[in-house]
Amino acid sequence: MDAFAVGRFRTLARRGELGRDPGAVDAATAYAFAQLAKRVGPDAVAGLEQPVLTVFGLLADANLAKGGELPAVERAIVDNFHRLYYHRLEQTWKQTYWRGVHVWKNPLDLWLYQEILHDVAPEVIVEAGTKFGGSAYFLANMCDLMGRGQIVTIDVTEQPNRPQHDRITYLTGSSTDTAVIEKVDRIIDGKRIVVLLDSDHSARHVLAELRAWHDRVPVGSYVIVEDTNVHGHPVFPNHGPGPMEAVDSFLAENDQFIIDESMHKFFMTFNPRGFLKRIA
Ligand SMILES: C[S@@+](CC[C@H](N)C(=O)[O-])C[C@H]1O[C@@H](n2cnc3c(N)ncnc32)[C@H](O)[C@@H]1O
């Protein structure tokens, strides 16, 4: 069957029939090919690359022409780009800088944060998970442009040489620790806040963060749960239950927040279903 499938696809591709008529891929061939694709390892696909790309290109073209009417095809394009981007971390998100400081995010998400800051106009942004301080520095510079706002960023670990900025307050401790939350409460003091959760990505910790922080967020503002993409959504399948699972548990017990679907507009976000907007 393997030889049949490969031979059939190659013949169709050589004759150009795949280009003229996607229906030329009959059901038996498609089935045989799917079985084959399950078995071949990455080393064995070289000979199949061209016919597969031909077929996939046709599907992608059809989806574009029909304005997204082939959702499975669109999903495959987006998810596989997402996986490529995320798993090539030494080239992508671990090599992303804001004014020379590491920021572990994808630039499409940073643009969404800028839009949210404009719309919500927070007086304080609370960030759980500082790392090198690049995201806090980015947010502080956005606040500079808007002429308002400060950042409180929390991490269990201290780092040397984090960026110093009048708008940034660094706190050391856990984002769910009562003493840390009390310190942040003194800074918030009833002000309009946005919360970013980017610390320990276990479902247990993120759910505890959501429970601890959600009530401080006013109607119209956001809790942004970062890295909901792990645990196979669609990256890092072996992560274990993570932020996405915490969001599911949180929304099952709380109807004051909704997932802001408009934040999926750029197709790839590291935070799918993670932009939680308070509506009541
Ligand atoms: C993904 S990094 C943060 C990246 C940073 N926000 C950025 O975009 O560049 C996660 C950070 O969370 C911190 N962290 C882990 N557990 C934590 C906890 N319980 N409370 C606060 N921070 C924690 C880690 O020390 C690490 O620096």
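By convention here, each chain's residues receive numbers from 1 onward along its written sequence. The model is predicted, so local features are restricted to residues of pLDDT at least 70 and side-chain atom pairs to those at 80 or more, both for listing and for counting; the totals for chains, interfaces and linings are taken over all residues. Only heavy atoms go into the side-chain values, all of them from the structure, while hydrogens and water stay out.

## As for the pairing of strand S6 (residues 193–197)
Three exposure classes are used, based on accessible area relative to the maximum for each residue type with a 1.4 Å probe and protein chains only: buried under 20%, partly exposed in between, and exposed over 50%. Put simply, DSSP marks the helices as runs of H or I at least four residues long and the strands as runs of E at least two long, and each gets a number from the N terminus on. The element S6 is extensively covered by neighbouring structure, given that 5 of its 5 residues are classed as buried. Where strand S3 (residues 124–128) and S6 come together, 5 bridges link them in parallel fashion. In the sheet register, valine 124 faces S6, and the bridge partner there is isoleucine 193. In this scheme, strands are said to pair when DSSP sees at least two bridges between them. Examined bridge by bridge, S6 and strand S7 (residues 222–225) share 3 bridges and lie parallel to one another. Within S7, the position partnered with leucine 196 by the bridge is isoleucine 224. Regarding the hand of the β-α-β motif, the stretch spanning S6, helix H9 (residues 203–213) and S7 is right-handed. Every crossover in which the path from the first strand over the helix to the second runs clockwise, viewed with the strands pointing away from the viewer, is termed right-handed.

## What to know about the site of the ligand
Near the ligand lie 19 residues; those nearest to it are Trp104, Lys105, Gly129, Asp155 and Asp198. A distance of 3.5 Å separates an oxygen atom of the ligand from a polar atom in the side chain of threonine 157. In this description, accessible areas are obtained by the Shrake-Rupley approach with a 1.4 Å probe, and a residue is regarded as covered only by the protein chains that are shown. Calculation on the ligand without its partners gives an accessible area of 600 Å², and the protein chains cover 87% of this total. Here a cavity denotes grid points, spaced 1 Å and computed from the protein atoms alone, that fit a 1.4 Å probe unable to get out, and a pocket denotes an open set having protein on both sides within 12 Å along at least 5 of 7 lines; residues with an atom within 4 Å of a point are the lining. Those molecules having more than half of their atoms within 2 Å of a cavity or pocket grid point set are described as sitting in that cavity or pocket. The cavity that encloses the ligand is the largest pocket. Ten residue types, Ala, Val, Leu, Ile, Met, Phe, Trp, Tyr, Cys and Pro, are classed as nonpolar, four, Asp, Glu, Lys and Arg, as charged, and the remainder, Gly among them, as polar. A per-class count over the shell around the ligand returns 4 nonpolar, 9 polar and 6 charged. A cutoff of 4 Å decides nearness: a residue is near a molecule or strand if any of its heavy atoms lies inside that distance of it. Distance and chemistry together define a polar contact, namely a pair of N or O atoms within 3.5 Å, with one atom able to donate a hydrogen and the other to accept it when in protein, and with adjacent residues in sequence counting only for side-chain atoms on both sides.

## As for the layout of surface pockets
Grid points are joined across faces, edges and corners, and a volume is the space filled by probe spheres set on the points. In this structure, the largest pocket occupies an estimated 560 Å³ of space. Along the walls of the largest pocket sit 31 residues, with Trp104, Lys131, Asp198, Ser199 and His201 positioned nearest its centre. Elements with a minimum of two residues in the lining of the largest pocket: helix H7 (134–146) and strand S4 (150–155). Of the residues in the lining of the largest pocket, the class split is 10 nonpolar, 15 polar and 6 charged. A volume near 230 Å³ is recorded for the second largest pocket. For the second largest pocket, the lining is made up of 13 residues, of which Arg75, Val78, Asp79, His264 and Phe267 are closest to its centre.

## Overview of the packing of aromatic side chains
Between the rings of Phe, Tyr and Trp (Trp by its six-membered ring), a pair exists once the centres lie within 6.5 Å; its type follows the angle of the planes, with under 30 degrees stacked, over 60 edge-to-face, and the other angles tilted. Counted by the stated rule, this structure contains 9 aromatic pairs. A ring pair is formed by tryptophan 104 and phenylalanine 132, whose centres lie 5.8 Å apart and whose planes are at 80°; its orientation type is edge-to-face. With tryptophan 104 in the loop between strand S2 (101–102) and helix H6 (107–120) and phenylalanine 132 in the loop between S3 and H7, the pair connects residues that are 28 residues apart, well separated along the chain. In this structure phenylalanine 132 comes out as partly exposed when scored by relative accessible area, which is 28%. Ring geometry for tyrosine 113 against phenylalanine 275: centres 6.2 Å apart, planes inclined by 45°, an arrangement best described as tilted. Of this pair, tyrosine 113 sits in helix H6 while phenylalanine 275 is found in strand S9 (residues 275–278), placing the two residues 162 residues apart along the sequence. The same class applies to tyrosine 113 as to phenylalanine 275, namely buried. An aromatic cluster of three or more residues is present, and its members are Phe81, Tyr85, Tyr86, Trp93, Trp104, Phe132 and Phe270. Think of it as a cone above the ring: NZ of Lys or CZ of Arg counts as a charge over the ring if it is within 6 Å of the ring centre and within 35 degrees of the ring normal. Just above the ring of tryptophan 213 sits the side chain of arginine 216; from NZ or CZ to the centre is 5.6 Å.

## Some remarks on unusual backbone geometry
In the segment running from histidine 233 into proline 234, the intervening peptide bond is cis, with an omega of 10°. Within the fold, proline 234 resides in the loop between S7 and helix H10 (243–253). Non-glycine residue asparagine 161 carries a positive phi angle of around 60°. With respect to the helices and strands, the residue asparagine 161 is situated in the loop between S4 and strand S5 (168–172).

## Thoughts on the pairing of S3
S3 sits mainly inside the fold: 5 of its 5 residues count as buried. Here S3 shows a buried face lined by Val124, Val126 and Ala128 and a second buried face lined by Ile125 and Glu127. In terms of strand pairing, S3 meets S4 through 5 bridges, oriented parallel. Bridge pairing in S4 links isoleucine 125 to isoleucine 151. For the segment spanning S3, H7 and S4, crossover handedness is right-handed.

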